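# Examination of the molecular architecture
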Amino acid sequence: ARQAFNNMANALEFAYPDEATRPFRYYRANGTERLVWENGSVWWVVPPQARAFRGASANVIWADEAGEMDAAITSQLIEGAFPLLDTVQHSQVIISGTSPATREGLLWDYLVTGRKGTEGIGIVDFSMRPDDDPTDEAVWYRVHPGLASGLTKISVIRKRFATMKLVSFQREYLCADPVAANIAAIDPEDWEATTVDEMPPVPDGNFTVAFDVHP
């Protein structure tokens with residue numbers, strides 16, 4: 001997040017090359033990077049830790065790459081960051097990121113809550129549906145905003161599809177919901193590779209089917 005903030009600040013400085021007339025000041029002190037605007041508004045970046053937020057207030061909190069935040073970090077944010085908004089009217093929390101690897105954490109929790117239509121929570125969901133075919137390019141165009149807007153070329157996505165594992169491709173480019181790892185011990189691709197289109201014929205007479213479930 002700090003690197004993304006610095007990149008944004010550098011882009012703003014490029015847009016306003018004359019330091020004397022810029023509508024902001026960029027403070028680069030390590031650990032306290034911030035943009036201070038001429039109207040008094042402040043943009044700053046802090047690590048997702050409760051102690052980093054206490055004693056302040058905010059109009060907007062943006063948790064970027066929230067799919068990487070596990071349950072422990074989520075607890076830290078909710079405990080330390082969200083109370084910053086309690087005394088500010090029309091405050092807002094923005095949560096964004098790529099599909100998480102597991103069904104836990106900040107992004108997953110609010111994704112589920114948003115899909116339920118919970119009052120006060122808006123959602124922009126670029127996720128493939130469970131019944132979508134991840135190999136269908138029509139699904140890619142519907143789900144991937146870069147393709148739909150023309151920002152990303154289809155040739156690039158085809159190359160990624162050809163070189164990435166399907167599960168990784170679905171997560172990174174189609175925002176597929178994570179597999180419930182607590183109930184699935186077998187890699188979905190390995191499981192899919194064992195399936196057949198039709199059941200083999202049952203042999204005549206007695207037969208036995210056995211399998212070993214030991215780890």
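Bear in mind that the values here come from a model prediction, so they are computed numbers and not experimental data. (Residues numbered from 1 in each chain as written. Predicted model: local features only at pLDDT ≥ 70, side-chain atom pairs only at ≥ 80, totals over all residues. Heavy atoms only, no water.)

## Observations concerning the pairing of strand β5 (residues 92–95)
Bridge count between strand β4 (residues 60–63) and β5: four bridges; the pairing is parallel. Bridge pairing in β5 links Val60 to Gln92. Since β4 and β5 lie parallel, the crossover through helix α2 (residues 71–80) that links them has a hand, and here it is right-handed. (Pairing = 2+ DSSP bridges. Helix = DSSP H or I, 4+ residues; strand = E, 2+ residues; numbered from the N terminus. Right-handed = clockwise from strand over helix to strand, strands pointing away.)

## A few points about the packing of aromatic side chains
Evaluation of the coordinates by the stated rule reveals nine aromatic pairs. Geometrically, the ring pair formed by Phe5 and Tyr26 is edge-to-face, given 6.4 Å between the ring centres and 65° between the ring planes. Separated by 21 residues along the polypeptide, Phe5 in helix α1 (residues 2–15) and Tyr26 in strand β1 (residues 24–27) bring together distant segments of the chain. Neither Phe5 nor Tyr26 differs from the other in exposure class; each is buried. Arranged with centres 5.2 Å apart and planes meeting at 55°, the rings of Phe24 and Trp37 form a pair that is tilted. Residue Phe24 is found in strand β1, and its partner Trp37 is found in strand β2 (residues 34–37); the two are separated by 13 residues along the sequence. (Phe/Tyr/Trp six-rings, centres within 6.5 Å; stacked < 30°, edge-to-face > 60°. Buried < 20%, exposed > 50% of the residue type's maximum accessible area, 1.4 Å probe, protein only.)

## Focus on the sheet that holds β1
The strand order β1-β2-β3 describes an open sheet built from three strands, whose pairing is antiparallel. Each edge of the open sheet carries a strand with a single partner, namely β1 and β3 (42–44). Taking each pair of neighbouring strands and ignoring which way they run, the sheet shows an average axis angle of 15°. The sheet contact formed by β2 and β3 spans three bridges and is antiparallel. (Axes fitted to C-alpha atoms, helices over the stretch in contact; angles between N-to-C directions.)

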